[in-house]
Amino acid sequence: MGITVGVIEDHPLYRSAVAQLITESPDFELDAVAESVAQFAVRRRHTSSVVILDLGLPGVRDAAAVLEVVTMGHKVLVVSAHAGQHEVLSAMAAGARGFLSKDVEADELLRALRQIAQGDSYISPTLASYMLSASRGRHVIELSTREREVLSLVASGERDQDIAVELAISIRTVRSYLDRIRDKTGQRRRSELTRYAIEQGVLARRSA
């Protein structure tokens, strides 16, 4: 089985073009194609697809749409005509693994999907510049190697128990590290920690 990809896009022509691109690529398998998050939730056949998601959707939209699809267990690649700094940072903080503008070339879109399917994030040059701009002027906070590992796994969407297994430590120890990270960074919620990790370049690079 190839990489399963879902599409949530309310523009009919763009939705059709992306679905056709996925269908014609031999290492991909097209999952549900929908015009809203609610419609995708009903139509999806897989629980761990990479999902191409627009932001300007009917119903649940923007960062809330990203968060809802991530909560379903999918990896999200945002592809949107709205690619300003606010949209990019909000989507990444909500759990998106990557962000591309709708003027992206087909080859780059497929490359981003492959990279995200492997468990990485896809950082386009534009996105990287936003991360740098957002972090410029921030006070540099020193985290230990283990704290950075825990933070990177949080940014990858892992739960406390998954982090414990990955690092071969107890859940209690994971939560102790998280408490230290929260105290040092001032970020309390997981979405805030994820955004902080992205802005600071603390991203997990590992196999899915």
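Residues numbered from 1 in each chain as written. Predicted model: local features only at pLDDT ≥ 70, side-chain atom pairs only at ≥ 80, totals over all residues. Heavy atoms only, no water.

The protein chain appears in an unreviewed UniProt entry as DNA-binding response regulator from Kibdelosporangium aridum.

Quick word on the packing of aromatic side chains
A complete count under the given rule lists 0 aromatic pairs for this structure. Directly above the aromatic system of Tyr-14 lies the positively charged group of Lys-102, at a separation of 4.8 Å from the ring centroid. (Phe/Tyr/Trp six-rings, centres within 6.5 Å; stacked < 30°, edge-to-face > 60°. Lys NZ or Arg CZ within 6 Å of the ring centre and 35° of its normal.)

Here's the deal with the pairing of strand S2 (residues 28–34)
The pairing of strand S1 (residues 3–8) with S2 spans 5 bridges and is parallel. Counterpart to Val-5 in the pairing with S2 is Leu-30. Handedness of the crossover joining S1 and S2 through helix H1 (residues 12–24): right-handed. (Pairing = 2+ DSSP bridges. Helix = DSSP H or I, 4+ residues; strand = E, 2+ residues; numbered from the N terminus. Right-handed = clockwise from strand over helix to strand, strands pointing away.)

With respect to the sheet that holds S1
Strand order in the open sheet made by the 5 strands is S2-S1-S3-S4-S5, with parallel pairing throughout. The open sheet has two edge strands with one neighbour each: S2 and strand S5 (98–101). Averaged over all pairs of adjacent strands, the angle between strand axes in this sheet comes to 20°, irrespective of strand direction. Bridge count for S1 against strand S3 (residues 50–53) is 4 bridges, and the pairing is parallel. (Axes fitted to C-alpha atoms, helices over the stretch in contact; angles between N-to-C directions.)

A few points about helix H7 (residues 145–155)
For H7, every residue scored as buried is listed here: Glu-147, Val-150, Leu-151, Ser-152, Leu-153, Val-154 and Ala-155. Directly after H7, the chain includes Gly-157, whose backbone phi takes a positive value near 90°. (Buried < 20%, exposed > 50% of the residue type's maximum accessible area, 1.4 Å probe, protein only.)

So, the packing of helix H8 (residues 160–167) against helix H9 (residues 171–185)
Relative orientation of the contacting elements H8 and H9 amounts to 105°, with a least axis distance of 8 Å. For the element pair H8 / H9, the angle class is roughly perpendicular. Between H8 and H9, the residues in contact are Asp-160, Gln-161, Ile-163 and Ala-164 and Ile-171, Val-174, Arg-175 and Leu-178, respectively. Class assignment of the residues belonging to the contact of H8 with H9 gives a composition of 5 nonpolar, 1 polar and 2 charged. (Parallel < 35°, antiparallel > 145°, perpendicular 65-115°, else oblique. Contact = heavy atoms within 4.5 Å. Nonpolar A, V, L, I, M, F, W, Y, C, P; charged D, E, K, R; others polar.)

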